[in-house]
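# Residue-level structure breakdown
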Amino acid sequence: MRKQEIAEMPRIQKCLLKIRELCKSDHLNSRWSELKDCRVHICSENNFPTAAGLASSAAGYSCLVFALSKLFRVSGELSGIARQGSGSACRSMYGGFVAWEKGEKKDGSDSIAKQIASEEHWPGLRVLILVVNDNKKGTSSTEGMRRSVESSDLLKLRAESCVPQRMGVIKKAILERDFRTFAETTMKESNQLHAVCQDTYPPISPPYMNHTSHKVVQMVTGYNNLYGEPKVAYTFDAGPNACLFLMEKEVPEVLAMIQHFFPPDTYRGFIRGIEIHATTSLPKGLLESVNVEPTQGAIKYIISTKVGSGPCELAQEYSLLNDNGLPKS
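To start, this report covers the structure provided alongside it. (Residues numbered from 1 in each chain as written. Predicted model: local features only at pLDDT ≥ 70, side-chain atom pairs only at ≥ 80, totals over all residues. Heavy atoms only, no water.)

What follows is about the sheet that holds strand S5 (residues 242-247). The strand order across the open sheet formed by 5 strands is S4-S5-S3-S7-S6, and the pairing between neighbours is mixed. The strands lining the two open edges of the sheet, one partner per strand, are strand S4 (232-236) and strand S6 (271-273). Averaged over all pairs of adjacent strands, the angle between strand axes in this sheet comes to 25 degrees, irrespective of strand direction. In this structure, S6 lies alongside strand S7 (residues 301-306), joined through 3 bridges in parallel fashion. The residue of S7 that forms the bridge with Gly 273 is Ser 304. Across the face of the sheet, helix H7 (residues 179-199) comes into contact with strand S3 (125-131), S4 and S5 while running at roughly 25 degrees to S4. (Pairing = 2+ DSSP bridges. Helix = DSSP H or I, 4+ residues; strand = E, 2+ residues; numbered from the N terminus. Axes fitted to C-alpha atoms, helices over the stretch in contact; angles between N-to-C directions. Contact = heavy atoms within 4.5 Å.)

The following block contains the structure:
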């Protein structure tokens, strides 16, 4: 068994235990008598980088809890169970735009996720994920947060003042489809998160953002300055990979800009996900506004996507397990 598997076991057990407790407590649920003595074989695959700061644990644990809920035939509010595996997994239990509520109870039981708006609410919003490094990061999100909680004064200020205020602002921006406010708030939050990493003692090292990450910020800032308004918003989680939010009509020009400043080693497989094509020319004045030296191969590939749905049940043919309950590959 690999070290990663051993480290994940307690979290998986927590999720499984909570689901089993729900099933057992529902006296109308016949599945408990069928499954109470059974073991669960879990097989999981990602189609994007794991442990690289792109919420792979959120995807994995939300999928796990959803699958277990279908197996044990339990329903209701399950985001709190997903949170036992990975905090951000509670948000991934729903589609569209989702907020992770702080809650008021000391035991944290009301710290759950709630959907703000469905995936159909803002159809023109697109996401470009710039994969700078798909290797496992040096400091895990859990370890980094633990150290920040213990030592960062800035994190305490964020929790008491900044986050509650900004949550209200960005919820309103989403509901009103106000891209300017949405973009500005997103970028401020990203900047402050990484300021917390530096305020942590000792600082999180190596830092989650690297040289290429900062060049992406510089590129986006120059592009927005050219137009005099935010056309693109960047955000970085606990890793060097950038998530860019923009409207669909801006995608061809922004892609052309990315390919100019970060030309790929090969265009084959450079764009993954939703098909997109770059414009043939850059806007006048862009090169002067964006003072970034082009760096070939700094961005490995781009995942083109949009706001989507939450976990869903697939047909048996898509199962990762064979008829004997073993992985197919």
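The subject of this paragraph is the state of the cysteines. The final tally for this structure, using the stated rule, is 0 disulfides. For Cys 15, which is in no disulfide, the shortest distance to another cysteine sulfur is to Cys 90 and amounts to 11 Å. Using a relative accessible area of 0% as the deciding quantity, one classes Cys 15 as buried. Left without a disulfide partner, Cys 38 is nearest to the cysteine sulfur of Cys 23, which lies 11 Å away. Note on Cys 38: relative accessible area 40%, which makes it partly exposed. (Disulfide = S-S within 2.5 Å. Buried < 20%, exposed > 50% of the residue type's maximum accessible area, 1.4 Å probe, protein only.)

Most of helix H9 (residues 251-261) is tucked away: 9 of the 11 residues are buried. Every buried residue of H9 is listed here: Val 251, Glu 253, Val 254, Leu 255, Ala 256, Met 257, Ile 258, Gln 259 and Phe 261.

Within the secondary structure, Thr 212 is located in helix H8 (residues 211-227). For Thr 212, a relative accessible area of 13% gives the class buried. Not counting chain neighbours up to four residues away, the residues in contact with Thr 212 comprise Val 132, Phe 262, Ala 298 and Ile 299.

Two numbers describe a pair of aromatic rings. These are the distance of the centres and the angle of the planes. Applying the stated criterion to the full structure yields 7 aromatic pairs. Plain terms: the ring middles of Phe 182 and Phe 245 are 5.4 Å apart, the flat faces sit at 85 degrees to each other, and that makes the pair edge-to-face. Here Phe 245 lies in strand S5 and Phe 182 lies in helix H7, a separation of 63 residues in the sequence. Comparing Phe 182 with Phe 245 shows no difference in burial state: the two are buried. Among the aromatic side chains, those forming a connected cluster through ring pairs are Phe 97, Trp 122, Phe 179, Phe 182 and Phe 245. The ring of Tyr 227 carries the charged tip of Lys 231 above its face, separated from the ring centre by 5.2 Å. Cation over ring: Arg 272 sits above Tyr 301, and NZ or CZ is 3.5 Å from the ring centre. (Phe/Tyr/Trp six-rings, centres within 6.5 Å; stacked < 30°, edge-to-face > 60°. Lys NZ or Arg CZ within 6 Å of the ring centre and 35° of its normal.)

Structurally, Ser 88 can be placed in the loop between helix H4 (79-85) and strand S1 (97-100). Once residues within four sequence positions are removed from consideration, Ser 88 is found in contact with Ala 58 and Trp 100.

The next thing to look at is the pattern of salt bridges. Under the counting rule described, the total for this entry stands at 11 salt bridges. Of the charged contacts in the structure, one is a salt bridge between Arg 126 and Glu 248, with a shortest N-O distance of 3.5 Å. Here Arg 126 is found in strand S3, whereas its partner Glu 248 is found in the loop between S5 and H9, with 122 residues between them in sequence. With its nearest N and O atoms 3.6 Å apart, the salt bridge here joins Glu 184 to Arg 180. With a gap of 4 residues between them, Glu 184 and Arg 180 both fall in helix H7, about one helical turn apart. Residue class for Arg 180 comes out partly exposed when judged on its relative accessible area of 39%. Connected via shared salt-bridge partners are Glu 143, Arg 146 and Glu 150. (Salt bridge = Lys/Arg side-chain N within 4 Å of Asp/Glu carboxyl O.)

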